[in-house]
Amino acid sequence: MKWFCLVLLIAVCSYEYARTRTADQDPYLITDYSRLHPVKVERVTEGREVQQLIRILQEAKDKRLTVSIAGQRHSQGGHTYYKDGIVIDMKTYNNILSFDPSAKVIRVQAGATWKDVQDKINPYGLAVKTMQSQNIFTIGGSISINAHGRDLHNGSLINSVESFRLLTAGGEIKNVSRTENKELFSLALGGYGLFGIILDVTLTLTEDEVYRMTTEATSVQDYSCYFKENILLDGSVRMSIARISVAPEGFLTDMYAMNYRKDPGLPLAEHHTLKEYEQGVIPSKIMFHVNRSSDWGKNLFWSTQKLYFNSQQNVIVSRNNAMRSESAFMEYRGTGTNDLLQEYFIPVDEFAGFVADMRSVLLQENLNLLNISVRFVQKDEEAVLSYAREDMFALVCLFNVPLSDKEQAKIKPAIQKIIQEVIRHRGTYYLPYAAYPTQTQFQTVYPRQKEFFEGKDRYDPEHLFMNYFYEQYRGDGNHE
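Note that this is a predicted model, so its numbers are computed, not measured. (Residues numbered from 1 in each chain as written. Predicted model: local features only at pLDDT ≥ 70, side-chain atom pairs only at ≥ 80, totals over all residues. Heavy atoms only, no water.)

> If you had to explain the packing of aromatic side chains to someone new, which residues and values would you point to?
The description of an aromatic ring pair uses the distance of the two centres, along with the angle that the planes make with each other. Enumeration according to the criterion identifies 33 aromatic pairs in this entry. Ring geometry for Phe351 against Phe393: centres 5.3 Å apart, planes inclined by 70°, an arrangement best described as edge-to-face. Here Phe351 is found in helix α10 (residues 351-364), whereas its partner Phe393 is found in strand β17 (residues 392-402), with 42 residues between them in sequence. What makes Phe393 buried here is its relative accessible area of 0%. Members of the aromatic cluster, joined through ring pairs, are Tyr192, Phe195, Tyr429, Phe442, Tyr446, Phe452, Phe453, Tyr459, Phe469, Tyr470 and Tyr473. The ring of Tyr470 carries the charged tip of Lys456 above its face, separated from the ring centre by 5.6 Å. (Phe/Tyr/Trp six-rings, centres within 6.5 Å; stacked < 30°, edge-to-face > 60°. Helix = DSSP H or I, 4+ residues; strand = E, 2+ residues; numbered from the N terminus. Buried < 20%, exposed > 50% of the residue type's maximum accessible area, 1.4 Å probe, protein only. Lys NZ or Arg CZ within 6 Å of the ring centre and 35° of its normal.)

> Describe the sheet that holds strand β7 (residues 161-167), listing the residues and the values that go with them.
In space, the five strands of this open sheet follow the order β4-β5-β9-β7-β8, with antiparallel pairing throughout. Single-partner strands in this sheet number two, and they are β4 (96-100) and β8 (173-177). Strand-to-strand, the axes of this sheet are offset by a mean angle of 10°, without reference to chain direction. Two elements, β4 and strand β5 (residues 105-109), share four bridges in a ladder whose sense is antiparallel. Residue pairing across strands places Asp100 opposite Val105, the latter belonging to β5. (Pairing = 2+ DSSP bridges. Axes fitted to C-alpha atoms, helices over the stretch in contact; angles between N-to-C directions.)

> Go over the side chain of Asp151, please, and point to the residues and values.
Mapped onto the fold, Asp151 is located in the loop between α4 (139-144) and β7. The class for Asp151 is buried, based on a relative accessible area of 5%. A polar atom in the side chain of Asp151 sits 2.8 Å from the backbone nitrogen of His153. At 2.7 Å, the side chain of Asp151 forms a polar contact with the side chain of Arg319. Aside from chain neighbours lying at most four places away, what touches Asp151 is Lys129, Arg238, Met239, Arg319 and Phe376. (Polar contact = N/O pair within 3.5 Å; in protein donor to acceptor, adjacent residues only side chain to side chain. Contact = heavy atoms within 4.5 Å.)

> Now, about empty space enclosed by the protein: what can you tell me, with residues and values included?
Enumeration according to the criterion identifies five cavities of 30 Å³ or more in this entry. Its volume calculated, the largest cavity comes out at about 70 Å³. His79, Gln342, Tyr429, Tyr430, Leu431, Tyr433, Ala434, Ala435, Pro437, Phe469 and Tyr473 are the residues that line the largest cavity. Each residue belonging to the lining of the largest cavity can be placed in one class, and the counts come to nine nonpolar, two polar and no charged. (1 Å grid on protein atoms, 1.4 Å probe; cavity = no way out; pocket = protein on both sides within 12 Å on 5 of 7 lines; lining within 4 Å. Points joined across faces, edges and corners; volume = space filled by probe spheres on them. Nonpolar A, V, L, I, M, F, W, Y, C, P; charged D, E, K, R; others polar.)

> Describe the sheet that holds strand β1 (residues 43-46), listing the residues and the values that go with them.
The three strands lie next to each other as β1-β3-β2, forming an open sheet whose pairing is parallel. One side of each edge strand has no neighbouring strand; the edge strands of this open sheet are β1 and β2 (67-70). If you compare each strand with its neighbour and ignore which way they point, the axes differ by 25° on average. For β1 and strand β3 (residues 86-89), the ladder comprises four bridges, and the chain directions are parallel. Bridging across to β3, Val44 finds its partner in Val87. Strands in contact with helix α2 (residues 50-63) are β1, β2 and β3; relative to β3, the strand with the most contacts, it is inclined by about 170°.

> Tell me about the pattern of salt bridges, and name the residues and values.
Inspection of the entire model under this criterion finds 30 salt bridges. Note that Arg458 and Glu183 form a salt bridge whose closest N and O atoms lie 2.5 Å from each other. Pair noted here: Arg458 is in helix α13 (residues 449-459) and Glu183 is in helix α5 (residues 182-188), with a separation of 275 residues, a long-range link. You can call Glu183 partly exposed: its relative accessible area is 36%. Between Lys228 and Asp349 there is a salt bridge, with its nearest N and O atoms 2.7 Å apart. Taken together, the positions of Lys228 in helix α6 (residues 223-232) and Asp349 in the loop between β15 (337-347) and α10 put the pair 121 residues apart, joining distant regions of the chain. Among the residues examined, Lys228 registers a relative accessible area of 32% and is labelled partly exposed. (Salt bridge = Lys/Arg side-chain N within 4 Å of Asp/Glu carboxyl O.)

> Which residues make up the packing of α10 against helix α11 (residues 405-424), and what are the values?
Where α10 meets α11, the closest approach of the two axes is 10 Å, and the angle between their N-to-C directions is 160°. Classified by the angle between their axes, α10 and α11 sit roughly antiparallel to one another. Both α10 and α11 take part in a crossing whose hand is right-handed. Across the interface between the two elements, Phe354, Asp357, Met358, Val361 and Leu362 of α10 pack against Ala414, Lys417, Ile418, Glu421, Val422 and Arg424 of α11. Here the contact of α10 with α11 is built from residues that sort into seven nonpolar, no polar and four charged. (Parallel < 35°, antiparallel > 145°, perpendicular 65-115°, else oblique. Left-handed = near helix turned anticlockwise from the far one by under 90°.)

> If you had to explain helix α3 (residues 114-121) to someone new, which residues and values would you point to?
Helical geometry note: an α-helix holds 3.6 residues per turn, so side chains three or four residues apart project in the same direction. Residues of α3 that are buried include every one of Trp114, Val117, Gln118 and Ile121, and no others. End-on, the buried residues of α3 take up no more than an arc of 95°, which puts them together on one face. Of the surrounding elements, those touching the buried residues of α3 are β4, β5, β6 (126-127), α4, β9 (197-204) and α9 (319-322). (Arc of directions from axis to C-beta.)

> Can you tell me about unusual backbone geometry, naming the residues and giving the values?
Located in the positive-phi region is Arg64, a residue other than glycine, with phi close to 55°. With respect to the helices and strands, the residue Arg64 is situated in the loop between α2 and β2.

> Can you tell me about α13, naming the residues and giving the values?
The set of residues buried in α13 consists of Gln449, Phe452, Phe453, Gly455 and Lys456. For α13, the angular spread of buried residues about the axis comes to 155°, placing them on one side. Taken together, the buried residues of α13 touch α5, α12 (439-445) and α14 (468-473).

> Quick one: what's the story with the nonpolar core, residue by residue and with numbers?
Ranked by size, the top nonpolar core spans 141 residues in total, and within it Tyr344 and Leu395 carry the most contacts. Excluding residues within four positions of it along the chain, Leu395 makes contact with Ile244, Gln342, Glu343, Tyr344, Ile346, Phe351, Phe354, Val355, Met358, Ile372, Ser373 and Val374. (Core = buried A, V, L, I, M, F, W, Y, C linked by side-chain atoms within 4.5 Å.)

> Can you break down the confidence of the model for the protein chain residue by residue, with the values?
Chain-level statistics for the protein chain give a pLDDT mean of 89 and a share of 90% at 70 or above. Across residues 1-26 the pLDDT falls below 50, and counting only partners more than four positions away or on other chains, this stretch makes 26 contacts in the model. (pLDDT = per-residue confidence, 0-100.)

Now the structure itself:
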């Protein structure tokens, strides 16, 4: 009987998953991963070579059009397009230009992905320092949002960038580094494509290593002390990620931490082969849809996760494999709804208090929270729009939300209430996602925003490079 129920459950979920795969997007409009604000653009053009890109900029100026820059378009706040403008798709501008294994340096065009980099450097025993949990993203896109990952010691992505070349609004190619055009280094890294087209990037690399992965149960209340005493003080721990329960049983109180400790006794040669994470994606998608659909499903999904966490003891994995994609099962394209990210950065000692206050907000609001992962990000003083003003925990929150204007009007104030708790706990929020926060909240969380926009006016006075992030937060007082 139990097997029959399980088969029936999988069949129902499979049907529901297939049904919600139907596209609800006008094919003549363009949007990003969020599907919130589709607009008509003049055209989408693939980036191919430098002179072509220069010609596109000149054409846009001649025709008084704007230019937006896109990679995988996983930013969710209109950062990669603008109405009636030209969108340059940089995924086709993706060559590896040079690689020096002895110096641990690689130079790649902006459209190359982290997978391209990993495939190139892995045979030489090297690994990237920082990247997102999936390796599908472009290098240019990642540094434009100043991404971060689960590495404990290399901070946000700006720390991995040695230099880059930038095609400016005036058609000039500038070499940008900490010593050359250094103001642009702090503006364009985490600049969301508003200062020019990043042509190619020189990244510093690190050694590939072999880790022994373990998982430990903890709680929201204890996590800050646990992390400081057992993770930060243990020099062998190179990476860490935690998950908070969103199930009604243990809602935002129970946690598991997954830690990656270097094991020098394990030879890299026996563990360095790159793996693909494709097996088990469909069953995982089905289970995650159960999590999406009901409180009962959330309890079931967390119970299943706990079984998985408890099985992950002394798993051996290389650094490159630990940083490859493991979250494809979360990708979702439902009709009329979508899974959207919000991310909050909270000082380590404020973690428990913030989660408790966010829990109170969520219990009052009708928000379907699907997942929270927790990472550590070191203080970053380089990027003008830095989200890590001190050492912080990053809480990556995935919500399933309806896309209609009527329902979005309910979602926005609920998210704004969470942002108020973020501010109360000296935190920040991440800018690549849907622009729910008010302009006042943005200005409070990002006190250097005036410097950022003044820099935009100096380097691009005609506002050739444009997107909806700029329009919404520039300071016109219309985004409350």
